[in-house]
Amino acid sequence: AMEPVWKSVIAAAAAAGEGAGEGGKMVIKQYLDAILEDLLKAAGSRKWRERQAAVAGLASLLPGRTFKEIMGESEGAGEGGGRLEKMWVTGFRAVDDLKESVQMAGMALAKSLMQLTGRLTNRGEAPGEEVKGGGGVVLPLLLTQGLVSKAKEVQAVAVVMLVRMVKGARECLR
């Protein structure tokens, strides 16, 4: 259902000369803050189809994003680490959703978040400042909301991410 809408957005951006090549990567980059904000809002909807679509959208949008993009430090965004924290909370809620299809989308989002956070908090792949920044946001969240969750799936995600962070960040977590 979204494919025709997406194609029209890319075509409109190309017609306006906004460089919509490479499958719309420039459009996504230009409107990333608004897209993420809208997806995070829709992921809390009372309608399961909206939650599922928003969570799946977040999962597909995260791969390859930079520290600044995720932390909300691009132009016009002033959320800081709140965006990454909201994504993790959204992922935990989706994994623990009543609807199985939302849970499946939640697991895909959790996987994307684990890959992203693992990359952002790995001393071999990111500068020390970024490792501390990402770890400073995610570590407390995993400890206070992930490990203590009643949902076994959320606990499992939190444990795997904690192990990955401790191995990758090493001395930056002190």
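Novice: Kindly report on the pattern of salt bridges, identifying the contributing residues and their values.
Specialist: Opposite charge on two side chains allows them to pair when their charged atoms are near. Following the criterion strictly, the structure yields 4 salt bridges and no others. Across the pair Asp 33 and Arg 83 runs a salt bridge, and its minimum N-O distance is 2.7 Å. Remark: Arg 83 occurs in helix α6 (residues 82–95) and Asp 33 occurs in helix α3 (residues 32–42); sequence separation between them is 50 residues.

Novice: Tell me what's going on with a nonpolar patch on the surface, and back it up with residues and numbers.
Specialist: On the surface, Leu 143, Leu 147, Val 148, Val 159 and Val 163 cluster together into a nonpolar patch covering about 390 Å² of accessible area. Mapping Val 163 onto the fold places it in helix α9 (residues 152–169). We classify Val 163 as partly exposed; its relative accessible area is 43%.

Novice: Can you break down the side chain of Ser 149 residue by residue, with the values?
Specialist: You can see Ser 149 is positioned in the loop between α8 (128–146) and α9. When sequence neighbours within four positions are dropped, the list of residues in contact with Ser 149 reads Val 154 and Gln 155.

Novice: Before we move on, could you go through the nonpolar core and cite the residues and values that matter?
Specialist: Formed by 41 residues in total, the largest nonpolar core has its most connected members in Leu 62, Leu 84, Met 87, Trp 88, Phe 92, Leu 109 and Leu 142. Listed by contribution, the elements that provide at least two residues to this core are α3, α4 (48–61), α5 (67–71), α6, α7 (100–120), α8 and α9. By residue number, the principal contributor to this core is α7, which donates 8 residues. When near neighbours in sequence (up to four residues on either side) are disregarded, Leu 109 contacts Val 55, Leu 58, Ala 59, Leu 62, Met 87, Thr 90 and Gly 91.

Novice: Before we move on, can you summarise the packing of α6 against α8 with the specific residues and values?
Specialist: The contact between α6 and α8 brings their axes to 10 Å, and the two run at 30°. Taken together, the axes of α6 and α8 are roughly parallel relative to one another. Of the two possible hands of crossing, α6 and α8 adopt the one that is right-handed. Contacts between α6 and α8 involve Leu 84, Glu 85, Trp 88, Val 89 and Phe 92 from the first element and Gly 134, Val 137, Val 138, Leu 141, Leu 142, Gln 145 and Gly 146 from the second. By residue class, the composition of the contact of α6 with α8 is 8 nonpolar, 3 polar and 1 charged.

Novice: Lay out α7 in plain terms, naming residues and giving numbers.
Specialist: Taking 1.5 Å of rise per residue, 21 residues should cover 30 Å, and α7 covers 30 Å from first to last C-alpha, within 8% of that figure. When we look at burial in α7, the residues that qualify are Val 102, Ala 105, Gly 106, Leu 109, Ala 110, Ser 112, Leu 113, Met 114, Leu 116, Thr 117, Gly 118 and Leu 120. Residues of α7 that are buried in the fold lie against α4, α5, α6, α8 and α9.

Thresholds applied
Residues numbered from 1 in each chain as written. Predicted model: local features only at pLDDT ≥ 70, side-chain atom pairs only at ≥ 80, totals over all residues. Heavy atoms only, no water. Salt bridge = Lys/Arg side-chain N within 4 Å of Asp/Glu carboxyl O. Helix = DSSP H or I, 4+ residues; strand = E, 2+ residues; numbered from the N terminus. Patch = residues over 30% accessible without salt bridge, like charges linked within 9 Å, V, L, I, M, F, W, Y side chains within 5 Å. Areas by Shrake-Rupley, 256 points an atom, 1.4 Å probe, with all protein chains shown as cover. Buried < 20%, exposed > 50% of the residue type's maximum accessible area, 1.4 Å probe, protein only. Contact = heavy atoms within 4.5 Å. Core = buried A, V, L, I, M, F, W, Y, C linked by side-chain atoms within 4.5 Å. Axes fitted to C-alpha atoms, helices over the stretch in contact; angles between N-to-C directions. Parallel < 35°, antiparallel > 145°, perpendicular 65-115°, else oblique. Left-handed = near helix turned anticlockwise from the far one by under 90°. Nonpolar A, V, L, I, M, F, W, Y, C, P; charged D, E, K, R; others polar. Expected span 1.5 Å × (residues − 1).

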